[in-house]
Amino acid sequence: MIPALQADNALLADIDSVPPDDEALHLWWLGQSGFLVQWRGSRLVLDPYLSDSLTEKYAATDKPHVRLSQRVIAPDQLRGVSVVTASHQHTDHLDAATLVPLLGSNPGATLVLPASLEDFARTRLGGSTPTLAGLDDGTTCEVGGFHFTGIPAAHNDVARDPAGRCFYLGFLIRIGPWTLYHSGDTLWHPGLVPALLPARCDVMLLPINGNRPERRVAGNLNGTEAAALAKAAGAHLVIPCHYDMFAFNTETTEEFTTACTRLGQPCRVVRGGERVSLGKE
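Below you will find a few notes about this structure.

Rules used in this analysis
All residue numbers refer to position in the chain's written sequence, counted from 1. pLDDT decides what is reported in this predicted model: residues at 70 or higher carry local features, side-chain atom pairs at 80 or more are listed and counted, and totals for whole chains, interfaces and linings draw on all residues regardless. Calculated side-chain values reflect all of the structure's heavy atoms, with hydrogen atoms and water omitted. Computed over the protein atoms alone on a 1 Å grid, cavities are sets of points where a 1.4 Å probe fits but cannot get out and pockets are open sets with protein on both sides within 12 Å along at least five of seven lines; a residue lines them when it has an atom within 4 Å of a point. Grid points are joined across faces, edges and corners, and a volume is the space filled by probe spheres set on the points. Every helix listed is a DSSP run of H or I at least four residues long, and every strand listed is a run of E at least two residues long, numbered separately from the N terminus. Classes in brief: Ala, Val, Leu, Ile, Met, Phe, Trp, Tyr, Cys and Pro nonpolar; Asp, Glu, Lys and Arg charged; the others, Gly included, polar. Salt bridges are defined as contacts in which a side-chain nitrogen from Lys or Arg sits within 4 Å of a carboxyl oxygen from Asp or Glu. Type-normalised accessible area, obtained with a 1.4 Å probe on protein chains alone, sets the label of each residue: buried when under 20%, exposed when over 50%, and partly exposed for intermediate values. Read the arc as the range of directions from the helix axis to the C-beta atoms. Contacts are assigned to residue pairs with any non-hydrogen atoms lying within 4.5 Å of each other. By this definition, two strands are paired if DSSP reports at least two bridges between them. Note on definitions: angles span 0 to 180 degrees between N-to-C directions of axes, and those axes are lines fitted to C-alpha atoms, for helices only across the stretch in contact. If you view the pair so one helix is near and one far, a crossing is left-handed when the near helix is turned anticlockwise from the far one by less than a right angle, and right-handed when it is turned clockwise.

**With respect to the layout of surface pockets**
Over the atoms, a rolling probe the size of a water molecule traces out where space has been left empty.
Line of reasoning, step 1. Of the volumes computed, that of the largest pocket is approximately 300 Å³.
Line of reasoning, step 2. Surrounding the largest pocket, 21 residues form its lining, Leu 54, His 65, His 90, Asp 92 and Val 217 being those nearest its centre.
Line of reasoning, step 3. Listed by contribution, the elements that provide at least two residues to the lining of the largest pocket are helix H2 (53-57) and helix H4 (118-125).
Line of reasoning, step 4. Taken together, the residues of the lining of the largest pocket break down into seven nonpolar, eight polar and six charged.

**Brief notes about the pattern of salt bridges**
Line of reasoning, step 1. Evaluated as defined, the whole model comprises 12 salt bridges.
Line of reasoning, step 2. Between Arg 122 and Glu 118 there is a salt bridge, with the nearest N and O atoms lying 3.5 Å from each other. Taken together, the residues Arg 122 and Glu 118, both in helix H4 and four residues apart, mark about one turn of the helix.
Line of reasoning, step 3. What emerges from the salt-bridge pattern is a single network uniting Glu 118, Asp 119 and Arg 122.

**Considering helix H1 (residues 8-16)**
Owing to its 3.6 residues per turn, the α-helix brings residues three or four apart onto one side.
Line of reasoning, step 1. Taken together, the buried positions of H1 are Leu 11, Leu 12, Asp 14 and Ile 15. The buried residues of H1 occupy an angular sector of 160° when projected down its axis, which confines them to one face. Projecting away from the buried face of H1 at angles above 90 degrees are the exposed residues Asn 9 and Asp 16.
Line of reasoning, step 2. Close packing links the buried residues of H1 with strand E1 (25-31), strand E2 (34-39), strand E3 (42-46) and strand E13 (275-278).

**Quick notes on the pairing of strand E6 (residues 131-135)**
Line of reasoning, step 1. Across five bridges, strand E5 (residues 110-114) lies against E6 in parallel orientation. Bridge pairing in E6 places Leu 113 opposite Gly 134.

**Some points on the sheet that holds E6**
Line of reasoning, step 1. Pairing is mixed in the open sheet, where seven strands are placed in the order E6-E5-E4-E3-E2-E1-E13. Of all strands in the sheet, those bounded by a partner on one side alone are E6 and E13. Taken pair by pair, the neighbouring strands of this sheet meet at an average axis angle of 20°, ignoring direction.
Line of reasoning, step 2. Along the sheet face, H4 touches E5 and E6 and points at about 130° away from the line of E5.

**Digging into the packing of helix H6 (residues 223-232) against helix H7 (residues 254-263)**
Between two packed helices, the angle of one axis relative to the other and the distance separating the axes together describe the packing.
Line of reasoning, step 1. Contact geometry of H6 with H7 gives a least axis separation of 7 Å together with a crossing angle of 35°. As H6 packs across H7, the resulting crossing turns out to be right-handed. Residues Gly 223, Thr 224, Ala 226, Ala 227, Ala 228 and Lys 231 of H6 form the contact with H7, whose own contacting residues are Glu 255, Phe 256, Ala 259, Cys 260, Arg 262 and Leu 263.
Line of reasoning, step 2. Its residues placed into classes, the contact of H6 with H7 shows seven nonpolar, two polar and three charged.

**A word on the sheet that holds strand E12 (residues 238-241)**
Line of reasoning, step 1. Ordered by their spatial adjacency, six strands build an open sheet running E7-E8-E9-E10-E11-E12, and the pairing between neighbours is mixed. Two strands bound the open sheet, and with one partner strand each, they are strand E7 (140-143) and E12. Ignoring which end each strand starts from, the neighbouring axes of this sheet average 20° apart.
Line of reasoning, step 2. As paired strands, E7 and strand E8 (residues 146-152) are joined by four bridges and run antiparallel to one another. Residue Val 143 lies in a different strand from E8, and its bridge partner there is Phe 146.
Line of reasoning, step 3. Against the sheet, H6 touches strand E11 (203-207) and E12, its axis set at about 155° to E11.

Following this line, the structure appears as structure tokens:
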């Protein structure tokens, strides 16, 4: 088991140590595609997976989801969260075993997700369904001081429902002077760079586990592609994610960091529970 840099009480102490009027942007990696984002006391949790629901679901199958990394926190221990996202319906992004206790500890929180999945989310979360804010390709909403724009994601295709609404989204997020992009699960597609380049993101959060058909799951950017996307979109910093969770569907960070070095793209590789703090000059 890969140990977290900070977990449980140590992680909570680090989160709570940030003054509520701090102008820096703070991010903690929660594992897989999950991040806690904080600015001036406002807290957003991106695509959390903080359970063992997939390990339990697939334990007796030919595709076991063997967990590689320590869970950094029980979801009901995260407090003061005003917004949570789920970029698509896969359980490591929209997990009832994570979201029900997390939202139970943050009863006023709003779940931002593709509008095409609102009925799905109500079914999955049952009586614990929070306020939902549905997004689509290019649409926007503002929740808890965070401004969201939906960016289509290709997992493996830019799939849409009969009404033309995307099933898979990334989120371009603005809060105060900061702009970040959480891609959700995606491959490179023609719409990404034109949608992201004008934003010149302070930080991009991109998957690096790649796309291997033999895994029998939809794929993502690999390390080289994630580095190239960040460079092409003018990101000030890129942080990799969606690796080191399940043994059958992961990659090392070496390809990613090598590509970032070659391209001159600033990057930061973090451990579970580790904080990244960004300050404006």
